[in-house]
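Observations on the model geometry
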Amino acid sequence: MAIQRPKGTQDLLPGTIETWQYLEETMRNVCREYGYEEIRTPIFEATELFLRGVGQTTDIVKKEMYTFLDKGDRSMTLRPEMTASVCRAYVEDKLYGQPQPVKLYYIGPMFRYERPQSGRFRQFHQFGVEVLGGDQAVVDAEVISLVWNLYQRLGLTGLEVHVNSVGCPVCRTKHRALLQEFLSARRDDLCKDCLDRFERNPLRILDCKNPTCQAVTSGAPTTRDTLCEDCSTHFERVLALLEVAGVLFRVNPRLVRGLDYYTKTAFEVMVEEIGAQSSICGGGRYDGLVEEIGGPPTPGFGFAMGLERVLLALQVQHKLPEQKPGMFAMLVALGEKAQTQGFALLNDLRTQGLPVSMDLLGRSLKAQLKSADRQGARYALILGEEEMEKKVLLIKDLTLGEQIEVPLMNVVEELNKMYQRGVKV
Ligand code: ATP
Ligand code: MG
């Protein structure tokens, strides 16, 4: 039996890959405009990094990691996300010694052992940004506005941007006590997971998707109610700056991130039209994370965005651009002598940057012309016995059907001119 690709993975073939290239290029352009530089880290890391950097109590660490022993008996894990790796690099490569804050972005594959479904894969791709070494509210606002402006450039509509503040460990201790007090009377109505969370991490109960838990928590004290003065000022400043940047957002007090190193701002972007997996971007402030993985105390802010889900949204909303034009020209050479001459011509044209191609199967004139058409070539460059004798090339416009003869001597110059004209319009 033929071998199949692993469940939850995809082959991205020509015809589809163009939309990925378009999306990635737009992301890179926006990052350049905002002054973010790319970072690439290893696809696998010591498992310990994710235990500490993602958190032992998270679904990712508890259920979703691809962990294996290498031949030296070291526990390794395919990265399920990249924030931990970026923070490790910040410490290991001493990026804290550079002018702060350090503004980085990444695009790459991530791996999580999940149940595959629409918008959920085992190998998927994230675009993300991390700012390390900046604690001001303007950092939070800059990053969220980058996300917003990227979506505007892509033409996405129907976006829901939710913003909240989970405060610092001090405000959270206060909130935790209030929340436990509020929930204790109806503790028995909570789902099994939430019962578990009650002692360990009651904050997470607020974003449980179970309807009964949602009913129990309606009217519960929110993190915003207990923000200390510093966290409150920070949050108000973020909201004011988002207004200035024209970001349409909503404060959602149920949006939480459950781990201690997540602080202050949290945000998420949803597009309802793409179904149950509607979250296309999530992020926030993590002032405790770099220290957690052994670095100097360093504030951080970032997000991760799923490329598959953004592409799905673009597709559903018919916002993907028309396919790029195909080859500029196809050489149609007949006979070995013409093929040799044509091969040299293609070499000249390609060196000058023109996308030109030729028949590689020794087919007939008719078949070659048909294939040129199918490949979307604008011109066929015909070189038969007659042309060889007259030392000319027959340039046939495949869209208009017109053709001209050009002396072989001038042909590179002539085609170059035609190409430049075509590129301009
Ligand atoms: P979800 O609730 O959908 O599982 P998450 O909270 O696990 O999302 P994050 O870890 O915050 O997601 O990752 C950021 C983004 O990466 C998500 O908003 C989503 O767009 C994308 N993403 C996460 N897991 C997957 C996956 N298995 N397949 C495709 N995209 C994913
Ligand atoms: Mg998940």
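Residues numbered from 1 in each chain as written. Chains lettered and ligands numbered in written order. Predicted model: local features only at pLDDT ≥ 70, side-chain atom pairs only at ≥ 80, totals over all residues. Heavy atoms only, no water.

Points about the overall build of the chain
Each helix and strand in the chain was counted, giving 15 helices and 16 strands. Here the chain has a C-alpha radius of gyration of 28 Å; the compact-globule value for 425 residues is 22 Å, and the former is much larger. Based on the C-alpha atoms only, the size of the chain along its principal axes is roughly 95 × 55 × 45 Å. Taking the contacts inside the chain whose residues are at least 6 apart along the sequence as the reference set, 69% of them involve residues at least 24 apart. When the accessible surface of the chain is totalled, it reaches about 22100 Å², and 51% of it is carbon and sulfur. Measuring between centres, the 52 positive side-chain charges of the chain sit 3 Å from its 56 negative side-chain charges. (Helix = DSSP H or I, 4+ residues; strand = E, 2+ residues; numbered from the N terminus. Rg over C-alpha atoms; globule rule 2.2 N^0.38 Å. Contact = heavy atoms within 4.5 Å. Areas by Shrake-Rupley, 256 points an atom, 1.4 Å probe, with all protein chains shown as cover. Lys, Arg positive; Asp, Glu negative; His and termini not counted. Charge placed at Lys NZ, Arg CZ, Asp CG, Glu CD.)

A word on the site of ligand 1
In the neighbourhood of ligand 1, 13 residues make up the surrounding shell, with Arg112, Glu114, Arg120, Phe121 and Ser279 lying closest. In the model, an oxygen atom of ligand 1 is placed 2.9 Å from a nitrogen or oxygen of the Ser279 main chain. In this structure, an oxygen atom belonging to ligand 1 sits 3.0 Å away from a side-chain N or O atom of Arg309. When the free accessible area of ligand 1 is taken as 580 Å², the share hidden by the protein chains comes to 78%. Ranked by residues supplied to the shell around ligand 1, first place goes to strand S10 (residues 279-285) with 3 residues. Its residues placed into classes, the shell around ligand 1 shows 5 nonpolar, 4 polar and 4 charged. (Near = heavy atom within 4 Å. Polar contact = N/O pair within 3.5 Å; in protein donor to acceptor, adjacent residues only side chain to side chain. Nonpolar A, V, L, I, M, F, W, Y, C, P; charged D, E, K, R; others polar.)

Quick notes on the sheet that holds strand S13 (residues 356-358)
Pairing between the strands of a sheet is mediated by backbone hydrogen bonds and can be parallel or antiparallel. Pairing in this open sheet of 5 strands is mixed, and the strands run S13-S12-S14-S15-S16 from one edge to the other. The open sheet has two edge strands, S13 and strand S16 (403-407), and neither has a second partner. Sheet twist, expressed as the average angle between the axes of neighbouring strands with direction ignored, equals 25°. As paired elements, strand S12 (residues 329-333) and strand S14 (residues 379-383) share 5 bridges and run parallel to each other. When the sheet's bridge partners are listed, Met330 is paired in S14 with Ala380. Helix H12 (residues 336-351) rests against S12, S13, S14 and strand S15 (392-397) of the sheet, and its axis sits at about 160° to S13. Running at roughly 175° to S12, helix H13 (residues 365-374) makes contact with S12 and S14 of the sheet. (Pairing = 2+ DSSP bridges. Axes fitted to C-alpha atoms, helices over the stretch in contact; angles between N-to-C directions.)

Examining the nonpolar core
The tendency in soluble globular proteins is for nonpolar side chains to be buried as a group. Residues Phe127, Tyr151, Phe303 and Met305 are the most contacted members of the largest nonpolar core, which totals 51 residues. Residues contacting Phe127, with those up to four places away along its chain left out, are Met27, Cys31, Tyr105, Tyr106, Ile107, Leu146, Leu150, Phe303, Ala304, Met305 and Leu307. Met65, Val86, Phe121 and Tyr262 belong to the second largest nonpolar core, which has 30 residues in total. (Core = buried A, V, L, I, M, F, W, Y, C linked by side-chain atoms within 4.5 Å. Buried < 20%, exposed > 50% of the residue type's maximum accessible area, 1.4 Å probe, protein only.)

Points about the side chain of Glu308
With respect to the secondary-structure elements, Glu308 resides in helix H11 (residues 307-316). Arg309 is the oppositely charged side chain nearest to the buried, salt-bridge-free Glu308, at an N-O distance of 7.2 Å. Only 2.8 Å separates the side chain of Glu308 from the side chain of His125, close enough to count as a polar contact. Residues in contact with Glu308, not counting those within four places in the same chain, are Gln10, Trp20, Phe121, Gln123, Phe124 and His125. (Salt bridge = Lys/Arg side-chain N within 4 Å of Asp/Glu carboxyl O.)

Some words on the domain arrangement of the chain
Once the domains are mapped, the chain shows domain 1 (17-168 + 228-316) and domain 2 (329-421). Of note, the centres of domain 1 and domain 2, computed from C-alpha atoms alone, are 49 Å apart. (Domains from an automatic or database assignment.)

Some remarks on the environment of Trp20
Along the chain, the position of Trp20 falls in helix H1 (residues 17-34). Here the alpha-carbon distance between Trp20 and Gly376, two residues 356 residues apart in the chain, equals 21 Å. Residues contacting Trp20, with those up to four places away along its chain left out, are Leu12, His125, Leu307, Glu308 and Leu311.

Topic: the sheet that holds S10
On the basis of which strands lie adjacent, the open sheet formed by 8 strands has the order S1-S5-S6-S11-S10-S9-S7-S8 and mixed pairing. What marks the edges here is a single partner per strand, and that holds for strand S1 (37-38) and strand S8 (250-251). In the sheet, S10 pairs with strand S11 (residues 300-306) via 5 bridges, with the strands oriented antiparallel. Its bridge partner lying in S11, Gly284 is registered against Gly302. Each of strand S5 (102-111), strand S6 (123-132), strand S7 (159-165), strand S9 (263-271), S10 and S11 is contacted by helix H5 (residues 137-154), which is oriented at about 20° to S11, the strand it contacts most.

Some points on the pattern of salt bridges
Counting across every chain of the model gives 23 salt bridges. Note that Asp230 and Lys264 form a salt bridge whose closest N and O atoms lie 3.3 Å from each other. Taken together, the residues span a long stretch of sequence, with Asp230 in helix H9 (residues 229-244) and Lys264 in strand S9 at a distance of 34 residues. Classification of Lys264 by relative accessible area gives buried; the value is 11%. Counted as one network, the salt bridges with shared partners bring together Arg28, Glu38 and Arg40.

Description of the packing of H1 against H5
The description of two helices packed together rests on the angle between their axes and the distance between the axes. Put simply, H1 and H5 touch, their axes get as near as 10 Å, and they point 140° apart. As summarised for this structure, H1 and H5 are arranged oblique, according to the angle between their axes. Here the hand of the crossing between H1 and H5 comes out right-handed. Contacts from Tyr22, Leu23, Thr26, Met27, Asn29, Val30, Glu33 and Tyr34 of H1 reach H5 at Glu142, Ser145, Leu146, Asn149, Leu150, Arg153 and Leu154. (Parallel < 35°, antiparallel > 145°, perpendicular 65-115°, else oblique. Left-handed = near helix turned anticlockwise from the far one by under 90°.)

Concerning the packing of aromatic side chains
One pass over the structure, following the stated rule, counts 10 aromatic pairs. Here Phe267 and Phe303 contribute two aromatic rings whose centre-to-centre distance is 6.4 Å and whose plane-to-plane angle is 75°, an arrangement assigned as edge-to-face. Taken as a pair, Phe267 in strand S9 and Phe303 in strand S11 lie far apart in primary sequence, 36 residues in all. The pair formed by Phe267 and Phe303 is uniform in burial state, with each residue classed as buried. These aromatic residues form a ring-pair network of at least three members: Tyr105, Phe127, Phe267, Phe301 and Phe303. (Phe/Tyr/Trp six-rings, centres within 6.5 Å; stacked < 30°, edge-to-face > 60°.)

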